[in-house]
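Chain by chain, the residues:
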Amino acid sequence: MKKFNRAFTILVFIFLYIPMIVLLVASFNSGNDVAVFKGFTFDQYKELFRDDDLLSLLGNSLIISVLASLIATILGTMAALGIHKMKGKLRSAVMTVTNIPMTNPDIVTGVALALLFAFAGVALRIHSILGFWTLLIAHITFNLPYIILNVMPKLSQMDPDLTEAAMDLGCTPSQAFFKVVLHEIMPGIISGMLMAFTMSLDDFVISYFVTGSGFVTLPVEIYSYTKKPMQPKIYALFTLMFIAILIIMSVMNLLQARDKTKRQRSRLLGGRVK
Amino acid sequence: MSQELIRLTDLVMEFDGERILDSINLYINDKEFLTLLGPSGCGKTTTLRVIGGFLTPTSGDVLFDGKRINDVPAYQRKINTVFQRYALFPHLDVYDNIAFGLRIAKLSEKEIDERVTEMLEIVSLKGFENRKVTSLSGGQQQRVAIARALVNRPKVLLLDEPLGALDLRLRKDMQNELKRIQQAMDITFIYVTHDQEEALTMSDTIVVMDKGKIQQIGSPEDIYNEPKNAFVADFIGESNILDGVMLDDYLVKFFGRQFKCLDKGFEKNEPVDVVIRPEDIDIVPVEQGHLCGTVTSVTFKGVHYDTIVDFKGFKWLIQTTDFCPEGSYIGIRLNPEDIHIMHKSEYSGMFGDYSSYSAEYDEIADAEGGEDEE
Amino acid sequence: MKSKWLSGPYILWMALFTLIPLGVVFYYAFTDSVTGAFTLDNLANIGNYLPIFLRSIWLSIFATVICLLIAYPVAYYIAHCKPGTQRFLQMMVMLPMCMSFLLRTLAWVALLEDTGIINNLISAIGLEPLPLIRNNGAVILGMVYNYLPYMILPLYTVIMKIDPRLIEAAQDLGCNSRQVFSKVILPLSVPGIVSGITMVFVPAVSTFYISQKLGSPGTILIGDVIESQFKSAYNPNLGAAMSLVLMILIFVCVGIMNRFTNDEEESMVTL
């Protein structure tokens, strides 16, 4: 059984990675047809770095993702602290609203926001309201639940006496938060923020509905590229992003691994002292 | 020793319409070791949290040094707490945990260092400065928690079942240690526990609580020897509690027999509860006995035997070093000082009958007591 | 007590940008695109698109079931690896989720095309090329491929957390390995299964890109119709009505699924 599972898992991973390998290989292909490998070349990369438009779109995507995940992290962490104190009906009402953007399909979220902005545009007499701000608002909105759903469990795992202990030792409530609670929920905040950041960076569907001609992100532009005959420099961009994400994830993986072994070691020590 | 430091007047605490504390009146003297003792849910931890400033009473006042402090937040009170599960900050090492309060108070690093070092010595944790608190044993975490509170030189230290998580041996050591620290620091300790032995060992004053009310306040000797009602008599140590009638001062009747006693001030023919401690009962040959009965069970307890004796259908617990085999017929004598008389109370008839006694009885009671309210 | 107010800005934000937009969807769904008057025509028009709705649902149910069948053994295998391997494999599952799904879907086009990579290989060994693309099968393949990681991760998280002592206890009480699985492991994985099904079904039923690229005009899905109402046909009122129906459909499904788990609040967090 174990052997079967192992072989099966390997097959599934091949299935998951084949399309990406196709794209990686295509980025070094001198021909335009992905299906036919004509010869090895770096031309696509040269082409990519000459294309200022594409690079500035990447910049746009990064600006939106960084801003949206930061703002969502602050708003969401505050919200989680508040919700943590809530009880009964109020709490379940707020959590239900929090789950709406999580449960709603992206297309509905996108359509709803697009309609809201159209409405607001008419009301405010702004001709083309869609652009940077609408994009930012949309991204913050779908990022918020990720922060809350990552921070809330950390808050409930935390020893509730810690806040009281800090106040007992002279901290005002806000000092108690920054000196104690923040440290305890930091892993949740960071993982929520990273999740929000990647969701933002990769979001296409919602952005597609709330973006205007003034400010476009990379995934939206890629979508319009894929409607036309494909330019192979996109494959080069994909390859570079693949490498970047691979590096980031490996580093996080290593940090996590080190953290885990450290904790295990200290637990062992503790056991021995006892 | 006798100067009053804290006073609680008519303290009432309600959560969702449920009365947790019911008009608590209590004063606590400076430099005294006071213990709030009672079963789970009796309101002892709530009382402690009101004093600490973590709860605002529904009504009634908390006075500190004569001033009303109901609305003073926890961080402005000269009171520190040792929490039940210690609540050490996991992101700080031992030194930084202890220095936490001093840093908040913005003391100079030099003074902080002096005081932390001194404190580490007092709690015997020298050399542990840079250890992570998560790597310490329960007893060591306990010491850090005490040091972290005491280093701020509070006038009062609150301790919420601080020994509950330790094993028996360590608990006994820490009891002595705590008493020693309290005397060395010369401050007030308010200690919450459900363990009567802990309370008797350490306290100057014990406050016995149940159902949100104070049942009795007194020195350990008073509480043990002169329990006010059946609840106190049963909760502090073992007691046989019987129905009796007070015939006159110094004369009580129970089991159809008159006994001399040391109590007075009851009305004539007042029905009363009679308490007889199991260790006070002397076993004598049948012909010399005030009462005679049959031994129904004997359990070896180390120092003594727990002997259950059936007197006319009512079973008594007798703790004796003399072994009387099951089934033997014995007599007992009761001296006037062995008999203690209490007024009837809501607790009458609920405690003090050993008819259902079994050897596991204690363990079950312990397991129940282990969990505290909230 | 005051810290309750910390969530004030958030609640305001969610009211403005989650609840009110849904209200606007309602408004558009029930008004006429030209006159702005109240009408039920938009909802009535959806009847014409019923076959598309049904196709969307059954294709995504199919894809969800396949995802579950594939993901369970994989998640089970990962959960029983050494901790280091587990972390590595978990990363390998998450990596595709971070890469542009548009381009990855496009890669499937290159693979499945009539003159694509797979058919080139088939021709190379002298067989007839197969019709791999522009059919329902290709759309389902695209869905399975894109959303499989969203099934593996919650399953892995749940299976990993199962206390190994429970399995020993079951064996101790006389379960053989198949019974251990069906009586202990499977029931305990239900929260992960529910969360995985939700996370695959919702995006699958509402997708519009996968069907555009891998399907044919005859296999368009509800997402494609909604998209066209906003981006080409420009009838936002009909689009709003369809979004509304789609949303209600999904909330009903999710509601039913959540019946299987007790803690609704945590059911989405397993990622």
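Worth saying up front: this structure is predicted, and the values here are computed from it rather than measured.

Draft legend 1. Seen up close, the overall build of chain A. Counting its regular elements, chain A contains 11 helices and zero strands. In sequence order, chain A lays out its α and β elements as α-α-α-α-α-α-α-α-α-α-α. For chain A, the C-alpha radius of gyration of 23 Å lies well beyond 19 Å, the compact-globule estimate for 274 residues. Its C-alpha atoms put chain A at 70 × 60 × 40 Å along the principal axes. Here chain A holds 274 residues, and the buried ones make up 41% of them. For chain A, long-range pairs separated by at least 24 residues make up 76% of all intrachain contacts whose partners lie at least 6 apart in sequence.

Draft legend 2. View of the sheet that holds strand S19 (residues 329-333) of chain B. All names here are of chain B. Judged by pairing direction, the sheet is antiparallel, and its five strands sit side by side in the order S15-S19-S16-S17-S18 without closing on themselves. The open sheet has two free edges, formed respectively by strand S15 (282-284) and strand S18 (314-320), since each of these has just one partner strand. Direction aside, neighbouring strands of the sheet carry axes that sit 45° apart on average. Bridge count for strand S16 (residues 291-300) against strand S17 (residues 305-311) is six bridges, and the pairing is antiparallel. Bridge pairing in S17 places Thr299 opposite Asp306.

Draft legend 3. How the structure looks around unusual backbone geometry. Even without glycine at this site, B:Lys211 takes up a positive phi of about 50°. On the secondary structure map, B:Lys211 appears in the loop between strand S9 (205-210) and strand S10 (213-218). On the neighbour-count criterion, B:Lys211 (17 C-beta atoms within 10 Å) is partly exposed. Positioned with a positive phi, C:Tyr234 is a non-glycine residue whose angle comes to about 45°. Within the secondary structure, C:Tyr234 sits in the loop between helix H12 (222-231) and helix H13 (236-258).

Draft legend 4. How the structure looks around the nonpolar core. Membership of the largest hydrophobic core comes to 237 residues, with the highest contact counts inside it found for A:Val111, B:Ala147, C:Ala75, C:Met151, C:Ile152, C:Leu155 and C:Val200. The biggest single contributor to this core is helix H7 (residues 136-161) of chain C, with 17 residues. Ignoring sequence-local partners within four residues, the contact set of C:Met151 consists of C:Cys67, C:Leu68, C:Ala71, C:Gly196, C:Met199 and C:Val200.

Draft legend 5. Expanded view of the environment of C:Thr261. Note that C:Thr261 resides in the segment after H13. Note: C-alpha distance between C:Thr261 and C:Gly192 (69 residues apart in sequence) is 9.4 Å.

Draft legend 6. Region of the structure containing the interface of chain A and chain C. Taken together, the contact pairs 65 residues of chain A with 68 residues of chain C. For the side of chain A that touches chain C, the secondary structure elements donating two or more residues are helix H1 (2-26), helix H3 (52-85), helix H4 (88-103), helix H5 (106-124), helix H6 (132-157), helix H8 (173-202), helix H10 (218-227) and helix H11 (233-273) of chain A. Of the residues belonging to the side of chain A that touches chain C, the class tally is 49 nonpolar, 12 polar and four charged.

Rules of the game
- Residues numbered from 1 in each chain as written.
- Chains lettered and ligands numbered in written order.
- Predicted model: local features only at pLDDT ≥ 70, side-chain atom pairs only at ≥ 80, totals over all residues.
- Helix = DSSP H or I, 4+ residues; strand = E, 2+ residues; numbered from the N terminus.
- Rg over C-alpha atoms; globule rule 2.2 N^0.38 Å.
- Buried ≥ 20, exposed ≤ 12 C-beta atoms within 10 Å, placed from the backbone.
- Contact = placed C-beta atoms within 7 Å.
- Pairing = 2+ DSSP bridges.
- Axes fitted to C-alpha atoms, helices over the stretch in contact; angles between N-to-C directions.
- Core = buried A, V, L, I, M, F, W, Y, C linked by C-beta atoms within 7 Å.
- Nonpolar A, V, L, I, M, F, W, Y, C, P; charged D, E, K, R; others polar.

Taken by themselves, the reported measurements are silent on function.
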